[in-house]
Amino acid sequence: MPIIAITREMGSLGKDVAAALGDELGLPVIYHEVIDHLADRMRVRKSHVIRLLDGSAGLLERLTADETSLSIFTADEIYGLAASCANKGGAVIRGWGATHLLREVPHVLSVRVCAPFELRKQRMMKRLGTHDEDGVAEEIRINDEAHTAIMRRHFGVQWTEPEHYDIVLNTKRVSVGECVAEVLALARGAQFGETETSRQKLDDLALAARVRAALRRAPETRDALVQVASQTGRITLSGASSTDEMLAFVEVASAVPGVRDVAYRTNPGDEVRPRFH
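Conventions and cut-offs
Residues numbered from 1 in each chain as written. Predicted model: local features only at pLDDT ≥ 70, side-chain atom pairs only at ≥ 80, totals over all residues. Heavy atoms only, no water. 1 Å grid on protein atoms, 1.4 Å probe; cavity = no way out; pocket = protein on both sides within 12 Å on 5 of 7 lines; lining within 4 Å. Points joined across faces, edges and corners; volume = space filled by probe spheres on them. Helix = DSSP H or I, 4+ residues; strand = E, 2+ residues; numbered from the N terminus. Core = buried A, V, L, I, M, F, W, Y, C linked by side-chain atoms within 4.5 Å. Buried < 20%, exposed > 50% of the residue type's maximum accessible area, 1.4 Å probe, protein only. Contact = heavy atoms within 4.5 Å. Expected span 1.5 Å × (residues − 1). Arc of directions from axis to C-beta.

Brief notes about the layout of surface pockets
The space that makes up the largest pocket amounts to roughly 540 Å³. Lining the largest pocket are 24 residues, with Ser71, Trp96, Leu101, His154 and Phe155 positioned closest to its centre. Among the elements of the structure, helix 5 (67–86), helix 6 (98–101), helix 8 (133–155) and helix 10 (196–217) are those that each provide at least two residues to the lining of the largest pocket. For the lining of the largest pocket, the element with the highest residue contribution is helix 5, accounting for six residues.

If you want it as structure tokens, here you go:
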């Protein structure tokens, strides 16, 4: 089975669809695990990460948060989880930009589950056991705005546009069970079957993400901007302002597990290959 990535949208029933898919396929549903890992890596509380993502973080929390690190470590977590789960038969991944991070991987099925705003509001009021329509509506708006800002900043997309997904399901007219049936019908199609090529694509993306995360963690490369590409274990770096700076990048990248070779470009078209492997 492929990996299924599903959007996280308050009141859409996407959570229910994900859980039902996990039960049907006998696969893990991944969401909270990412929060734990990101909090540890960023050295903040889990509640801090959650508030940053849902738009409820206060001014001090936003000022002290390193959002570039959040983006880099999130990508590393999602690619790493996807690659690991592929070895175990697949997974259902909710939120965290997984639908866009994994969009280039042929055996990943990208799903948006949505519903009209008013229906989402009524569902959340029922779920929370409250009659505060204005309060719930404001909570949904804040969450939606935060998600839109994060997706635009990190991926350069308007995430609500249907062309970013393999299938879009509106739970106003389609039940959770029907959503599951539609997703399963696609997931079992040959076009979403895992192949050697599709697995290599995921491995390359995962390795490049691990290198970016390593560069972010290392004090000597933490604040520098560098482009990272991977092809079958060979990492190519570019974007340094000097050869000395790029050599520091190469040293960090070469120590990342899975890296077989590291090359770098100091100028477009020019490539130097240090003998690290």
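Having seen the model, we can carry on.
Thoughts on the nonpolar core
Ranked by internal contacts, the top residues of the largest apolar core, which has 24 residues, are Ile3, Ile78, Tyr79, Ile93, Leu102 and Leu202. With eight residues, the single largest contributor to this core is helix 5. The residues contacting Leu102, other than those within four sequence positions of it, are Ile3, Ile78, Tyr79, Ala82, Ile93, Val108 and Leu202. Ranked by size, the runner-up nonpolar core spans 20 residues in total, among them Leu207, Ala208, Ile235 and Val250.

Overview of helix 1 (residues 14–25)
Its 12 residues place the ends of helix 1 16 Å apart at the C-alpha level, agreeing with the 16 Å of an ideal helix rising 1.5 Å per residue. Among all positions of helix 1, only Gly14, Val17, Ala18, Leu21, Gly22 and Leu25 are buried. The buried residues of helix 1 all sit within an arc of 135° when viewed along its axis, so they share a single face. The exposed set on the far side of helix 1, more than 90 degrees from its buried face, consists of Lys15 and Asp23. Looking at the buried positions of helix 1, the neighbouring elements they touch are strand 1 (3–6), strand 2 (29–30), strand 3 (92–94), strand 4 (108–114) and helix 9 (176–187). Remark: Gly26 follows helix 1 within two positions and exhibits a positive phi of approximately 70°.

Any link to function would need more than the numbers given here.
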